[in-house]
Amino acid sequence: MTSYHIIEVEALSKRFDSLTAVDSVSFSVVEGELFAFLGPNGAGKTTTINMLCTLLTPTMGQATVNGYDVVRQRSDVRRSIGLVFQDPTLDEHLTAEQNLRFHAYAYRIPRAVAEQRIGELLELVELSDRRRSSVRTFSGGMKRRLEIARGLLHSPRVLFLDEPTLGLDPQTRRHIWEHILKLRTQHGLTIFLTTHYMDEAEIANRIGVIDHGHIIALDTPDSLKDALGGDVITIETRDVEALATELHRKFRVTPIHKDGGLTFSVPHGDKFLPRLIRSLDCPVAAVSLRRPTLEDVFIHLTGHAIREQEADPMAEARAFMSRRRRGR
């Protein structure tokens, strides 16, 4: 059976004057897939998702969502998608059910159908007991759950989640993801996620790693980690530059500086490690060996860690303006 590509993107670009925010990205998403864009804020994730959701017009290239062109068939695209933004967009002066009723009215959902859907979704996100409470009394996690329910009210084919757990504590983030995965199972949703959290990207079927407006890798989480070529060795030393030179000279490896130490990947790390320790002249404070993670993948591909980047909803705009001032 042939897989249906519910999202298709070809050479999609977005420029703001002389600044290219998204540079000729191409990819597709299979129906029912959980697809993640992984990258730091400022990498082009939100700009891409805004083009796919018809909130921004592409400068070049083309894209379809549910078979509809994002430029020529905007209304059809919007009826096909649900969207949870980075920033809260609920009316905090209204109750939970009033927010959902307003959304139902905007999408012209018949009243009887809307009331049934509102009840079902509030129960699904465990907010039934707060349906008549003002949203201003909700915690950050409760607001996120209500926004997800609102995004599903008109029965979309694709749910776009733009940094859905940004700013939430780890426990609340886990709770949100329990609901998202339950929704995906029950409704057969296609989910398009943007995130800079490694643990969120791990649960995706496939990941597009994006940095500075380019997709630099696209594969399953396991395949991306396997592509590093082996195990990850981290060495702590007082003289990282001297050790880096020695590692390159003796073993032809080019380590990456991380947390005051050096990190590199080698096949069969358990067999390589004893030979490494015997051969080094530089004093070593500590050595560790482990299987690669998505963070290792990102560092290997970009030369920097995601946590080095600014992590807030305005970071992408500030990154654009900063590069513009530098003439890049």
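Since we're looking at a predicted model, the values are computed, not measured. Each chain carries its own residue numbering, running from 1 in the direction its sequence is written. Residues qualify for local features only when their pLDDT is at least 70, as the model is predicted, and side-chain atom pairs are given and counted only at 80 or more; totals for whole chains, interfaces and linings, by contrast, use all residues. Only hydrogens and water are set aside; all other atoms, that is, all heavy atoms of the structure, feed into the side-chain values.

(A) Structural context of the overall build of the protein. Only runs of H or I of at least four residues qualify as helices and only runs of E of at least two qualify as strands under DSSP, and these elements are numbered from the N terminus. Counting its secondary structure elements, the protein contains 12 helices and 14 strands. With the principal axes as the frame, the protein shows a C-alpha extent of 75 × 50 × 45 Å. In the protein, which comprises 328 residues, the share counted as buried stands at 52%. Any two residues whose heavy atoms approach within 4.5 Å are treated as being in contact. Sequence separation of 24 or more characterises 72% of the internal contacts of the protein that already satisfy a separation of 6 or more. Surface accessibility in these figures is a Shrake-Rupley result with a 1.4 Å probe; residues are shielded only by whichever protein chains are displayed. Total accessible area computed for the protein in this model is approximately 15,900 Å², and 49% of it derives from carbon and sulfur atoms. Only protein chains enter the area calculation, which uses a 1.4 Å probe; residues under 20% of their type maximum are buried, those over 50% are exposed, and those in between are partly exposed.

(B) Geometry of the sheet that holds strand β4 (residues 60–65). Spatially, the four strands line up as an open sheet ordered β2-β1-β4-β5, and their pairing is antiparallel. Of all the strands in the sheet, the pair left with one neighbour each is β2 (19–30) and β5 (68–69). Strand direction decides the pairing type here: strand β1 (residues 5–16) and β2, joined by eight bridges, are antiparallel. Each bridged residue has a counterpart across the sheet, and for Leu 12 the counterpart in β2 is Val 25. Two strands make a pair as long as DSSP finds a minimum of two bridges between them.

(C) Representation of the sheet that holds strand β7 (residues 158–162) within the structure. Across the sheet, six strands lie side by side as β6-β7-β8-β3-β9-β10; this open sheet has mixed pairing. Only two strands of the sheet have a single partner each, and these edge strands are β6 (81–84) and β10 (214–219). Going across the sheet, the axis of each strand differs from the next one's by a mean of 15°, ignoring polarity. Where β7 and strand β8 (residues 190–195) come together, five bridges link them in parallel fashion. The residue of β8 that forms the bridge with Asp 162 is Thr 194. Along the sheet, helix α11 (residues 294–302) makes contact with β3 (34–38), β9 (206–211) and β10, crossing β9 at roughly 40°. Fitting a line to C-alpha atoms yields each axis, with helices limited to the stretch in contact; the angle taken between N-to-C directions then spans 0 to 180 degrees.

(D) Just the pairing of β10, in detail. As paired strands, β9 and β10 are joined by five bridges and run antiparallel to one another. The partner of Val 209 across the bridge, within β10, is Ala 217. Between the end of β9 and the start of β10, which pair antiparallel, lie two residues, with His 212 showing a positive phi angle near 50°.

(E) Representation of the packing of aromatic side chains. Any pair of Phe, Tyr and Trp rings, taking the six-membered ring for Trp, is counted once the centres come within 6.5 Å. Such a pair is stacked with planes under 30 degrees apart, edge-to-face with planes over 60 apart, and tilted for the rest. Within the structure shown, the criterion is met by nine aromatic pairs. Ring geometry for Phe 37 against Phe 192: centres 5.4 Å apart, planes inclined by 75°, an arrangement best described as edge-to-face. With a gap of 155 residues between them, Phe 37 in strand β3 and Phe 192 in strand β8 connect regions that are remote in the sequence. Taking the relative accessible area as the measure of exposure, Phe 37 reaches 0% and is therefore buried. Connected via pairs of aromatic rings, a cluster forms that spans Phe 27, Phe 35, Phe 37, Phe 160 and Phe 192. Positioned over the ring face of Phe 16 is Lys 14, at 5.5 Å from the centre of the ring. Between Arg 173 and the ring centre of Tyr 197, over which it is positioned, the NZ or CZ distance is 3.7 Å. Two thresholds decide whether a charge sits over a ring: the Lys NZ or Arg CZ must be within 6 Å of the ring centre and within 35 degrees of the ring normal.

(F) Examining the nonpolar core more closely. What we call a nonpolar core is a set of buried Ala, Val, Leu, Ile, Met, Phe, Trp, Tyr and Cys residues that are connected through their side-chain atoms within 4.5 Å. Residues Leu 146, Leu 161 and Ile 207 are the most contacted members of the largest nonpolar core, which totals 46 residues. Aside from chain neighbours lying at most four places away, what touches Leu 161 is Ile 49, Val 84, Trp 177, Ile 180, Ile 191, Phe 192, Leu 193 and Thr 194. By size, the runner-up hydrophobic cluster in this structure holds 25 residues, among which are Phe 35, Leu 52, Cys 53 and Val 158.

(G) Structural view of the confidence of the model for the protein. Within a predicted model, pLDDT stands for the predictor's per-residue confidence, ranging from 0 to 100. Chain-level statistics for the protein give a pLDDT mean of 88 and a share of 93% at 70 or above. Per-element confidence in the protein is highest for β5, whose mean pLDDT is 98, and lowest for helix α12 (residues 315–325), whose mean pLDDT is 46. Throughout residues 308–328 the model reports pLDDT below 50, and contacts reaching past four residues in sequence, or to other chains, amount to 37 contacts.

(H) Fine view of the environment of Gln 98. Checked against the element boundaries, Gln 98 lands in helix α3 (residues 96–106). Residue Gln 98 is classed as partly exposed on the basis of its relative accessible area, which comes to 36%.

(I) Spatial organisation of a nonpolar patch on the surface. Taken together, Ile 277, Val 284 and Val 287 make up a surface patch of nonpolar side chains, about 200 Å² in accessible area. Following the sequence through the fold, Val 287 ends up in strand β14 (residues 286–290). Exposure remark for Val 287: the relative accessible area of 32% places this residue in the partly exposed category. Without a salt bridge and with relative accessible area above 30%, a residue can belong to a patch; like charges are then joined within 9 Å and nonpolar side chains (Val, Leu, Ile, Met, Phe, Trp, Tyr) within 5 Å. Note on definitions: salt bridges are taken to be side-chain nitrogens of Lys or Arg within 4 Å of carboxyl oxygens of Asp or Glu.

(J) View of the pattern of salt bridges. Summed over the entire model, instances satisfying the criterion amount to 21 salt bridges. As a salt-bridge pair, Glu 97 and Arg 132 come within 3.6 Å of each other at their nearest N and O atoms. One end of the pair, Glu 97, is in helix α3; the other, Arg 132, is in the loop between α4 (111–124) and α5 (140–152), with 35 residues separating them in the sequence. Taking the shortest distance from any N to any O, the salt bridge between Lys 250 and Glu 246 comes out at 2.8 Å. Placement of both Lys 250 and Glu 246 in helix α9 (residues 240–251) is noted, with a separation of four residues, approximately one turn of the helix. You can call Glu 246 buried: its relative accessible area is 3%. Connected via shared salt-bridge partners are Glu 97, Arg 101, Glu 115, Arg 131 and Arg 132.

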